[in-house]
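Structural characterization, general
Listed here are the chains, written in short residue letters.
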Amino acid sequence: MVEAATTISIQDMVSDSEWQQRVDLAACYRLLAHYGWDDLVFTHNTARVPDTEHFLINPFGLKFNEVSASSLVKIDREGNKVMDSAYPILQAGFIVHSAIHLGRDDAHCVMHTHTRAGCAVGAQEAGLLMINQKSMEFYNRLGYHDYEGIADNFEERDRMAKNLGSHKAMIMRNHGLLSVGDNMAQAFGTMRRLHEACEIQLMAQAGGGALTIPSPEICEHTACQFDNIGGLNETAWAAELRMLDCIDPSFRD
């Protein structure tokens, strides 16, 4: 009698902590697709594999609504695969994300988007204006990185990390937005508020009237309040996951 071959799943091959990181990163991709913040198969979001120097990146060629926990590609600091995968990765995406992972030990999760609102504000000389509560979260807490062309130059990595500094978000001029977090909940919550701040700015500017900007003292006070929001990102993230489970739970596969 011939025994049936046993298929070992990706989940069986990795630690529980890595699998949870995979699920959360796959959820991030599905949320970007759901909210229309994706860019075909371009842009990337990455997560460090806990207790290692490896990180996870999307398989290049899949749309974000196709990404699942098992399809994510595990790579090292040089962009080499450390686990077999049928999918390639995009080198420019690796350069952007490795810059942050290598430069910030606390940046376990990194998001990068090309939303229209983010790109539009990134093209404005003044950058993000403090005209709304969402933007004031980033008062004196936002990095800026000048455009150097498509990110295929390893020498640009140090400049990206330096321009992000200790901030949790950065506007990449003429390019898009970037956020970091200790976990996916933090990176996603920061990206959502930064993106919405950019949308609000463009809508306010389109109105044609003079803009009201609160005093530096009020802006700093508001930013400090955001600095101490505690677990609100995690609460909101749990709600996002419940929504995804209702729509299509295959991101967990």
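Residues numbered from 1 in each chain as written. Predicted model: local features only at pLDDT ≥ 70, side-chain atom pairs only at ≥ 80, totals over all residues. Heavy atoms only, no water.

A look at the packing of aromatic side chains
Under the criterion given, the structure shown has five aromatic pairs. Their ring planes at 80° and their centres at 4.7 Å tell us that Tyr29 and Phe64 sit as a pair that is edge-to-face. Of the two residues, Tyr29 sits in helix H2 (residues 16-35) while Phe64 sits in the loop between strand S2 (55-57) and strand S3 (73-75), which places them 35 residues apart along the sequence. Taken as a pair, Tyr29 and Phe64 share a single burial class, namely buried. On the numbers, 6.0 Å between centres and 50° between planes, the contact of Phe42 with Phe60 is tilted. Of this pair, Phe42 sits in the loop between H2 and strand S1 (45-48) while Phe60 sits in the loop between S2 and S3; the two residues are 18 residues apart in sequence, bridging distant segments of the chain. Take Phe42: its relative accessible area is 34%, and that puts it in the partly exposed class. One aromatic cluster in this structure is built from Tyr35, Trp37, Phe188 and Trp237. The ring of Tyr35 has Arg192 lying over it, and the distance from NZ or CZ to the ring centre is 4.5 Å. (Phe/Tyr/Trp six-rings, centres within 6.5 Å; stacked < 30°, edge-to-face > 60°. Helix = DSSP H or I, 4+ residues; strand = E, 2+ residues; numbered from the N terminus. Buried < 20%, exposed > 50% of the residue type's maximum accessible area, 1.4 Å probe, protein only. Lys NZ or Arg CZ within 6 Å of the ring centre and 35° of its normal.)

Re the state of the cysteines
Under the defined criterion, the tally for this structure stands at zero disulfides. You can see Cys109 has no disulfide; the closest cysteine sulfur is in Cys28, sitting 8.2 Å from it. With no disulfide of its own, Cys246 lies closest to Cys28 among cysteine sulfurs, the gap being 19 Å. Residue classification places Cys246 among the exposed residues on the basis of a relative accessible area of 71%. (Disulfide = S-S within 2.5 Å.)

Geometry only, nothing functional implied.
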